[in-house]
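Next come the chains, spelled out residue by residue.
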Amino acid sequence: MTLREVLQIIEGKVLWPEIDLSIEAKMACGADLMSDVLAFTHAGTLLMTGLTNPQVVRTAEMAGIVAIVFVRGKLPPAETIALAKEKGIPLLASKYTMYETCGRLYQAGLPSCGLFPLTAGTWLDDPPSSCGM
Amino acid sequence: MTKKVITVSPDDSMRQLKEVLRVNRISGTPVLRDGELVGIISIEDLIKALESGDIDATVGEKMSTEVQTVFADESVVQALNKFARFGFGRLPVVNRHGKLVGIVTQGDIARGLLRQLEVDYHEEEIHRYRASHIFEDITSDQTGLILRYKVKPLDFVGCGEAASKLKRALERLGAKPAVVRRIAVASYEAETNLVLHTTKGGELIAEIQPERIRIVAVDSGPGIPDIEKALQPGYSTAPDWIRELGFGAGMGLNNIQACADEMHLESKVGVGTRLEILINL
């Protein structure tokens, strides 16, 4: 799904004009915990978050996140935007809640990052051996 | 910008202007009286004059007198802003005394930026080429490259700089993207631990060999009292302010373990901690 389609589905905005909207997101994840983002995402993920500090951009840089969507109409401070421009990570904004922003994208066919061995292994009703991981 | 500017006088006729534009193949020009910038006239003004049969009117009558200019020492970005705001095709460039020194068009800026992009691209290619051949160019029984990064305690804004630089270095060295990602995530978690949990900060040392990378995060305190507990998923001693920043969920070490081929953690309370991460390249 391209960022252009993402913007239409979430009725969102770009945080500066020169963002390349043809960039593709293969999957998406919603998280306010950056450790979770580092643990559960894959390269090519679109991140939805309510956290706006510069470490969100750092996390995205390390984890190969293609773009960040700030939910609930939150806007990041100038230092977050400056770092994102420097690292070439597009920033978008959604006026909807985390739940609704993710829900709209999921409904439109953007998949999640899937199960992760660490959490899959602790899922009680589902023995680790049957997870196929 | 173009320094040789073709100009006209306000006393010239529109007919003369037509010739100036045609001969020089330009679509507009600044209007000068005694060297002073008094207006700007474009092909659009000429067409309007032609339509209304005013071809013998003077340039002074048809020009726009509200001229937007840029200063010669202003940045390209400021010029771009003016182009975007006013929608003009060209802007006269003046020095700080108001004297016309040149003219800049949107095309000039686009060409300049393209050239810069090309230069940057070439430079990055050269860096990449040099770096990726380092292990072939230098021979020894065992060649390694050591990168050291100092990490300051509680420097939340700078946190991630070391991991970011290491990631870039590995990309230049030609490491596989999937491996670079694992190294970046592991070293970022290790760096975050140094920033958030140490009293005096520490060091992130990466030793790169052709076959594998060893990353060591060392600090001089406070040390981990119970390593077994520290390795449990979700166990964290992070205070609330760290959690509010999106960290301190007690997943850092597990995350590193998941990314690494081998991980060793040694710590002594009051002395310090040494975390070693090995990842095959």
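Residues numbered from 1 in each chain as written. Chains lettered and ligands numbered in written order. Predicted model: local features only at pLDDT ≥ 70, side-chain atom pairs only at ≥ 80, totals over all residues. Heavy atoms only, no water.

## Quick notes on the pairing of strand β2 (residues 27-30) of chain A
All names here are of chain A. To keep it simple, the criterion reads: One requirement defines pairing of two strands: DSSP has to find at least two bridges between them. Numbering of helices and strands starts at the N terminus; helices are DSSP runs of H or I of at least 4 residues and strands are runs of E of at least 2. By the criterion used throughout, a crossover qualifies as right-handed when its path from the first strand across the helix to the second strand runs clockwise, the strands pointing away from the viewer.
Here β2 runs beside strand β3 (residues 45-49); their pairing, made up of 4 bridges, is parallel. Directly across from A28, in β3, lies its bridge partner L46. Each parallel crossover has a hand, and for β2 linked through helix α2 (residues 34-40) to β3 it is right-handed.

## Some thoughts on unusual backbone geometry
With omega at 15°, the peptide bond leading from G221 of chain B into P222 of chain B counts as cis. Following the sequence through the fold, P222 of chain B ends up in the loop between β8 (212-219) and α9 (227-230).

## Let's talk about empty space enclosed by the protein
Residue and element names in this part refer to chain B. What counts here: Computed over the protein atoms alone on a 1 Å grid, cavities are sets of points where a 1.4 Å probe fits but cannot get out and pockets are open sets with protein on both sides within 12 Å along at least five of seven lines; a residue lines them when it has an atom within 4 Å of a point. Grid points are joined across faces, edges and corners, and a volume is the space filled by probe spheres set on the points. Residues are grouped as follows: Ala, Val, Leu, Ile, Met, Phe, Trp, Tyr, Cys and Pro are nonpolar; Asp, Glu, Lys and Arg are charged; every other residue, Gly included, is polar.
Applying the stated criterion to the full structure yields 1 cavity of 30 Å³ or more. Of the voids in this model, the largest cavity is the one considered here, and its volume is about 30 Å³. Lining the largest cavity, in full, are E207, Q209, R212, I213 and R214. In terms of residue count, β8 provides more of the lining of the largest cavity than any other element does, 3 residues in total. Class assignment of the residues belonging to the lining of the largest cavity gives a composition of 1 nonpolar, 1 polar and 3 charged.

## Quick look at helix α4 (residues 76-86) of chain B
All names here are of chain B. Formally: Only protein chains enter the accessibility calculation, which uses a 1.4 Å probe; a residue whose area is less than 20% of its type maximum is buried, one above 50% is exposed, and one in between is partly exposed. Working note: the arc is built from the helix axis to C-beta atom directions. Note on contacts: a residue pair is in contact if any heavy atoms of the two residues lie within 4.5 Å.
Residues of α4 that are buried include every one of A79, K82 and F83, and no others. Take α4 and look down its axis: the buried residues cluster within an arc of 100°, on one side only. Residues of α4 that are exposed and angled more than 90 degrees away from the buried face: V77, A84 and R85. Packed against the buried residues of α4 are β3 (70-71), β4 (90-94), β5 (100-105) and α5 (106-132). Directly beyond the C-terminal end of α4, a positive phi value near 70° is found at G87.

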